[in-house]
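For reference, the chains in residue letters:
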Amino acid sequence: MTLFHAIYASTVFVVAFVLIATDRLNKTLVALGGATAMFLLPVINSHEVFYSEETGVDWDVIFLLLGMMIIVSVVRQTGVFEYVAIWSAKRAKGSPLRIMILLLLVTAIGSAFLDNVTTVLLIAPVTLLVCERLGISPVPFLLAEAFAANIGGAATLVGDPTSMIIGTAADLSFVSFLSNMAPAVILVLCALVALVPRLFPEAFIVDSERIADVMALDEREAIRNHRLLIQCGLVLVGVFAGFVAHKQIHMEPSLVAMTGAGILIVISRLGREFYLSSVEWETLLFFAGLFVMVGALVRTGVMDELAHAASHAIGTNALVTTMVILGVSFLISGVVDNVPYAATMTPIVGQLTSSMHQLHNHDVLWWGLILGTVLGGNLTALGASANVVIIGIAKRAGNPISFWEFTRKGAVVTATSLAISVGYLWVRYFLLA
Amino acid sequence: MHAADIVEEFPVITIDAESLDAVRMIAEQSLPGILVVDASGGPFAVLPASQVVRFIVPRYVQDDPVLAGVLSESVADHIAERLSGKMVGAMLPEHLVDVPPAEFDDTILEVAAKMARLRTPLIPVVKHGRLLGVITASRLLAAVLKS
């Protein structure tokens, strides 16, 4: 590969990244267009795209996403999510603050195991219903749920596409991911719960007569298919057991997810329009295009150069490197979609991890990247797909949320998350190591 | 057979009328929809009954139909209250605004093709720009069976 190839690949990538970040064109078309441009010289060939671990499409991520999307498609037919959300709202006995806290905890837990976007798509209609019954604005609730969805997504390997990209590339096991990230996520979530009364001080005034309207909701009516609910429960237990034991059973999480999806399709006997209802083919194509573009940068040596430059700039101090990765990730993924950022940074952090020899915890740079990339998505309305979805839902419901309204609240949540992440990484991986 | 042969008089409503008035007309006369006219009395839009039904369903129920069941019966019985204060203009589906009318000398097939393309339950008929009346889907089908 020549310098010309490197410049060409970098130019294509930067143009595509800017177009994706500014949302001027459909991002899937941009990613596929950028991937096609990489074939033109050719900068990368089909073998490198389809079969190479270093430069190719990360099929583990694609199929992990696909498997989980199918599983979610089937699970949502049961109505269990709506049941849990309404049951939680009723447990709060009509107190808007308690309802918000319970709903955001449901969102965060759901988001840890399901895709963030799916989680907010499931929780938002229930939120609108409850707020309408109470006669209060749903905006604070929707914002809190967007924040909670992004926070929860950092807890597990399958909680967020960004977590999947980084975790798969770093070969992190489900258990390792959970044991390292869940404590940080729990701390950030506790902080969010403490913040919400201060973030939304006027959101919790309600006419006491409206509380009965919420208590009159019947969550049992949400469960439409008890047999399917039991089937989904059993399969989900098996899938997550498979995730936990995937190293021992020598089965990548992608295969575990696809196996679970296949079993659910067969035993549920649902039609294709149901079991594929949550599969976002455009998103999968977007990821494929993105991987090809990043692979081309690896192939042309651009990533090597970037990693060397980063290493020179930051130095070899592990603590400094971790904090720089964390801080930069928080900032950048807060203003651009965190998925392309994660895909770009993964090979760079991989190189940095390989070159740093005095890491007490070999994966600390990855933990910094994950926390920064996933939690940083709360900064602005553009930082994460879940934010964009919430904004769209709020607008359709007649309660628009402006970019600055989101950013004002998001900045507080993100700053708090950053402070907690800095403290967590420093204490766990340096002070106590 | 031409459009003028099967056109019939039909209730109309103005765009700035109360939506509840439109709902009453549709319900009381079992209409498939209603013709919305502009200030000059010319055809402006078609408001199908199904669109009105859609309007009374809360957005969150349209996004998640499961939630229709969790609402109590008393709430469900009062969903028409969602229409109070709303004008007919707010309910109009985009694809049926400025609906091109059928001409008085259009054949039945031409009328049917327009209705199929626009997915409308009724279509206004004009002669030299003046509203003659309306052809509903059921009237069209009756004419088709007769011929």
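Small disclaimer: the values here were computed from a predicted structure and weren't measured.

**Topic: the overall build of chain B**
Counting its regular elements, chain B contains 8 helices and 6 strands. Counted from the first residue to the last, chain B has its helices and strands arranged as α-β-α-β-β-α-α-α-α-β-α-β-β-α. For chain B, the proportion of its 147 residues judged to be buried stands at 28%. For chain B, the proportion of contacts with a sequence separation of at least 24, taken over those separated by at least 6, is 60%.

**Structural notes on the interface of chain B and chain A**
Taken residue by residue, the interface counts 11 residues in chain B and 17 residues in chain A. Of the residues contributing to the side of chain B that touches chain A, the split by class is 6 nonpolar, 2 polar and 3 charged.

**Concerning the packing of helix α9 (residues 161-169) of chain A against helix α19 (residues 364-376) of chain A**
Residues and elements named next belong to chain A. Where α9 contacts α19, the axes come no closer than 10 Å and their chain directions differ by 165°. Looking at the two axes, α9 sits roughly antiparallel to α19. The handedness of the crossing between α9 and α19 comes out as right-handed. Counting all contacts with α9, which are made through Thr 162, Ser 163 and Ile 166, the residues of α19 involved are Trp 366, Leu 369, Ile 370, Thr 373 and Val 374. Of the residues that constitute the contact of α9 with α19, the class distribution is 5 nonpolar, 3 polar and no charged.

**Concerning the packing of helix α16 (residues 302-314) of chain A against helix α18 (residues 338-355) of chain A**
Residue and element names in this part refer to chain A. With their axes 9 Å apart at the nearest point, α16 and α18 run at an angle of 55° to one another. Relative to α18, the element α16 is oriented oblique. Judged by the twist between their axes, the crossing of α16 over α18 is right-handed. Touching Met 303, Asp 304, Leu 306, Ala 307, Ala 310 and Ser 311 of α16 are Pro 347, Ile 348, Gln 351, Leu 352 and Ser 355, all from α18. Here the contact of α16 with α18 is built from residues that sort into 7 nonpolar, 3 polar and 1 charged.

**Brief notes about the sheet that holds strand β2 (residues 33-37) of chain B**
Residue and element names in this part refer to chain B. Taken in spatial order, the 3 strands line up as β1-β2-β3 in an open sheet, and their pairing is mixed. Lying at the two open borders of the sheet, with one neighbouring strand each, are β1 (12-14) and β3 (43-48). The sheet shows a mean angle of 35° between the axes of neighbouring strands, direction not considered. Here β2 pairs with β3 via 5 bridges, running antiparallel. The partner of Gly 33 across the bridge, within β3, is Pro 48. Helix α3 (residues 49-56) contacts β2 and β3 of the sheet and is inclined by roughly 65° relative to β3.

**Thoughts on the nonpolar core**
Core analysis: the largest hydrophobic core is formed by 157 residues, its most contacted members being Met 38, Ile 71, Val 120, Ile 151, Val 292, Met 293 and Ile 390 of chain A. It is helix α7 (residues 116-134) of chain A that contributes the most residues to this core, 12 residues altogether. Apart from the residues lying within four places of it in its own chain, the contact partners of Met 38 of chain A are Ala 9, Val 12, Val 43, Ile 44, Val 292, Met 293 and Ala 296 of chain A. Grouped together as the second largest cluster of nonpolar side chains are 26 residues, Val 7, Leu 31, Ile 34 and Val 99 of chain B included.

**Side note on the environment of Val 61 of chain B**
Residue and element names in this part refer to chain B. Position of Val 61 relative to the elements: it lies in helix α4 (residues 59-63). Considering only alpha carbons, one finds Val 61 and Glu 94, 33 residues apart in sequence, at a separation of 21 Å. Aside from chain neighbours lying at most four places away, what touches Val 61 is Leu 67 and Ala 68.

**Section: unusual backbone geometry**
Leave glycine aside and you will find that most residues have negative phi; peptide bonds, for their part, are mostly trans. Phi is positive for Arg 269 of chain A, close to 60°, though the residue is something other than glycine. As for its placement among the helices and strands, Arg 269 of chain A is situated in the loop between α13 (253-268) and α14 (272-275). Of the residues examined, Arg 269 of chain A has 11 C-beta atoms within 10 Å and is grouped as exposed. One non-glycine residue with positive phi stands out, namely Arg 119 of chain B, at about 55°. Relative to the assigned elements, Arg 119 of chain B resides in the loop between α7 (108-118) and β5 (122-127).

**A few points about the sheet that holds β5 of chain B**
Residues and elements named next belong to chain B. Overall, mixed pairing links the 3 strands, which are arranged β4-β5-β6 in an open sheet. Two strands in the sheet have a free side with no partner beyond their single neighbour: β4 (102-103) and β6 (130-136). When β5 meets β6, the two strands line up antiparallel, connected through 6 bridges. Across the sheet, the residue bridging to Pro 124 is Val 134, located in β6.

Calculation notes
- Residues numbered from 1 in each chain as written.
- Chains lettered and ligands numbered in written order.
- Predicted model: local features only at pLDDT ≥ 70, side-chain atom pairs only at ≥ 80, totals over all residues.
- Helix = DSSP H or I, 4+ residues; strand = E, 2+ residues; numbered from the N terminus.
- Buried ≥ 20, exposed ≤ 12 C-beta atoms within 10 Å, placed from the backbone.
- Contact = placed C-beta atoms within 7 Å.
- Nonpolar A, V, L, I, M, F, W, Y, C, P; charged D, E, K, R; others polar.
- Axes fitted to C-alpha atoms, helices over the stretch in contact; angles between N-to-C directions.
- Parallel < 35°, antiparallel > 145°, perpendicular 65-115°, else oblique.
- Left-handed = near helix turned anticlockwise from the far one by under 90°.
- Pairing = 2+ DSSP bridges.
- Core = buried A, V, L, I, M, F, W, Y, C linked by C-beta atoms within 7 Å.

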